[in-house]
Amino acid sequence: AAARLAAEQEVENLSGLSPNPEKDIFVVRENRTTCLMAEFAAKFIVPYDVWASNYVDLITEQADIPLSRGAEMKGRCGTNESELELSWLEQAYTLKLSFLKEGHNTSRGPETFWRLSRIQFTYDTSERTYFKDAVSPGKHTASSHRLSALLTPAGKSYECQAQQSISLISSDHQKSVQLLLSEVRLQPFDIPADFVFSEEHKCPVDQREQLEETLPLILGLILGLVIVITLGIYHIHHKLTASQVQIPRDRSQYKHMG
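About the thresholds
- Residues numbered from 1 in each chain as written.
- Predicted model: local features only at pLDDT ≥ 70, side-chain atom pairs only at ≥ 80, totals over all residues.
- Heavy atoms only, no water.
- UniProt positions renumbered as here; feature names shortened; annotations may be inferred.
- Phe/Tyr/Trp six-rings, centres within 6.5 Å; stacked < 30°, edge-to-face > 60°.
- Helix = DSSP H or I, 4+ residues; strand = E, 2+ residues; numbered from the N terminus.
- Buried < 20%, exposed > 50% of the residue type's maximum accessible area, 1.4 Å probe, protein only.
- Pairing = 2+ DSSP bridges.
- Salt bridge = Lys/Arg side-chain N within 4 Å of Asp/Glu carboxyl O.
- Polar contact = N/O pair within 3.5 Å; in protein donor to acceptor, adjacent residues only side chain to side chain.
- Disulfide = S-S within 2.5 Å.
- Core = buried A, V, L, I, M, F, W, Y, C linked by side-chain atoms within 4.5 Å.

As recorded in an unreviewed UniProt entry, the chain goes by Lysosome-associated membrane glycoprotein 5 and comes from Xiphorhynchus elegans. In its Function (unreviewed entry) section, UniProt records this for the chain: "Plays a role in short-term synaptic plasticity in a subset of GABAergic neurons in the brain."

*Asks:* Explain the packing of aromatic side chains to me, using residue names and the numbers behind them.
*Replies:* By the definition in use, this model includes 12 aromatic pairs. Arranged with centres 6.0 Å apart and planes meeting at 65°, the rings of Y93 and Y130 form a pair that is edge-to-face. Taken together, the positions of Y93 in strand β7 (residues 93-106) and Y130 in the loop between β8 (109-124) and β9 (139-143) put the pair 37 residues apart, joining distant regions of the chain. Given a relative accessible area of 0%, Y93 falls into the buried group.

*Asks:* I'd love a proper account of the pairing of strand β2 (residues 23-30), names of residues and values included.
*Replies:* Of all eight residues in β2, eight are buried, a share of seventy percent or more. Across the two faces of β2 the burial is the same, with K23, I25, V27 and R29 and D24, F26, V28 and E30 all buried. In this sheet, strand β3 (residues 33-51) lies alongside β2 in antiparallel orientation, the contact comprising eight bridges. In the strand pairing of β3, I25 is matched with E39.

*Asks:* Report on the pattern of salt bridges, specifying residues and quantitative values.
*Replies:* Under the defined criterion, the tally for this structure stands at 14 salt bridges. The salt bridge involving E10 is made with R29; its shortest N-O contact spans 3.2 Å. Pair noted here: E10 is in strand β1 (residues 9-13) and R29 is in strand β2, with a separation of 19 residues, a long-range link. We note a salt bridge from R128 to D133, for which the minimum N-O separation is 3.4 Å. For R128, a relative accessible area of 52% corresponds to the exposed category. Classification of D133 as exposed rests on a relative accessible area of 57%. Ionic contacts of the salt-bridge type, sharing partners, join the residues E10, R29 and D194 into one network.

*Asks:* Go over the side chain of Q164, please, and point to the residues and values.
*Replies:* Here Q164 shows up in strand β12 (residues 164-170). Looking at Q164, the relative accessible area reads 19%, which means it is buried. Of the polar contacts made by the side chain of Q164, one reaches the side chain of Y158; its length is 2.8 Å.

*Asks:* Outline the state of the cysteines, supporting the account with residue identities and numerical values.
*Replies:* Enumeration according to the criterion identifies two disulfides in this entry. With a sulfur-sulfur separation of 2.0 Å, C35 is cross-linked through a disulfide to C77. Judged by the sign of its S-S torsion, about 75°, the bond between C35 and C77 is right-handed. Remark: C77 occurs in the loop between β5 (72-76) and β6 (81-88) and C35 occurs in strand β3; sequence separation between them is 42 residues.

*Asks:* Provide a residue-level description of the pairing of β3, including the pertinent values.
*Replies:* β3 sits mainly inside the fold: 16 of its 19 residues count as buried. Hairpin connection from β2 to β3: two residues lie between these consecutive antiparallel strands, with N31 at a positive phi of about 55°. Note: β3 against strand β4 (residues 58-66), nine bridges, orientation antiparallel. Its bridge partner lying in β4, F44 is registered against I65. In textbook terms, the turn of a hairpin is the stretch between consecutive antiparallel strands, and for β3 and β4 this stretch comprises six residues, one of which, Y55, has a positive phi near 55°.

*Asks:* Can you explain the nonpolar core? Please cite residues and give values.
*Replies:* Judged by nonpolar contacts, the single largest core of 48 residues is most densely connected at F40, F44 and F121. With nine residues, β3 is the single largest residue contributor to this core. Counting residues in each nonpolar core, the second largest holds six residues, with L14, V27, M37 and F197 among its members.

*Asks:* Can you break down the side chain of T152 residue by residue, with the values?
*Replies:* Take T152: it is sitting in strand β10 (residues 149-153). A polar side-chain atom of T152 sits 2.8 Å from the main-chain carbonyl oxygen of L150.

Listed below in structure tokens is the structure:
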């Protein structure tokens, strides 16, 4: 059964198709059908301890760890639960994203949404590319706590170009690790066809930025319309008043008429 499942499941890292070197594209397919797609740029900001120059005190440094384009991946799709796991630099770093689809009661009645329900990031401070002289080097795990992110109506994909920050709590003395996500397009359920995202659900930040971009144009159009209407009314009024015969009130002016 395990062999059959492995044969039926395909995972593809298509990051080379993206013109952005910081953006990665991942696809999970089961039974020759795409069941999960993810495009995003990701970076982790990880605090860690090093010795001060006196070799007595500890100071905190910061490692900036980008998601590597050559990441290995695993995936799992289900009716209500899906998962994407990425690892890079010989598994020194592993990112696991878990998704959940569930029903909610709204003002419009029961509706179904999916969300990012859990993030787990495993990192090794003995890895020398991003960590320099860490005290007590070793593996640590940073996880989310009661996460409900990227909430999206079922049947739609999530899209957010703006950068989002998600805090994770590390097993390394409860340090706070920041995951920075940007240029996100993601869909873990209900993909309509191979390599095709459903209609996008934009994040609130993108919606606000789009409104800020279009609002001046809308206001300009309204102002222009008001000016045109005002000028039209003025022109009609001026034409009507100009065509009226002015009858003199002083009888002495009648001799000048005719």
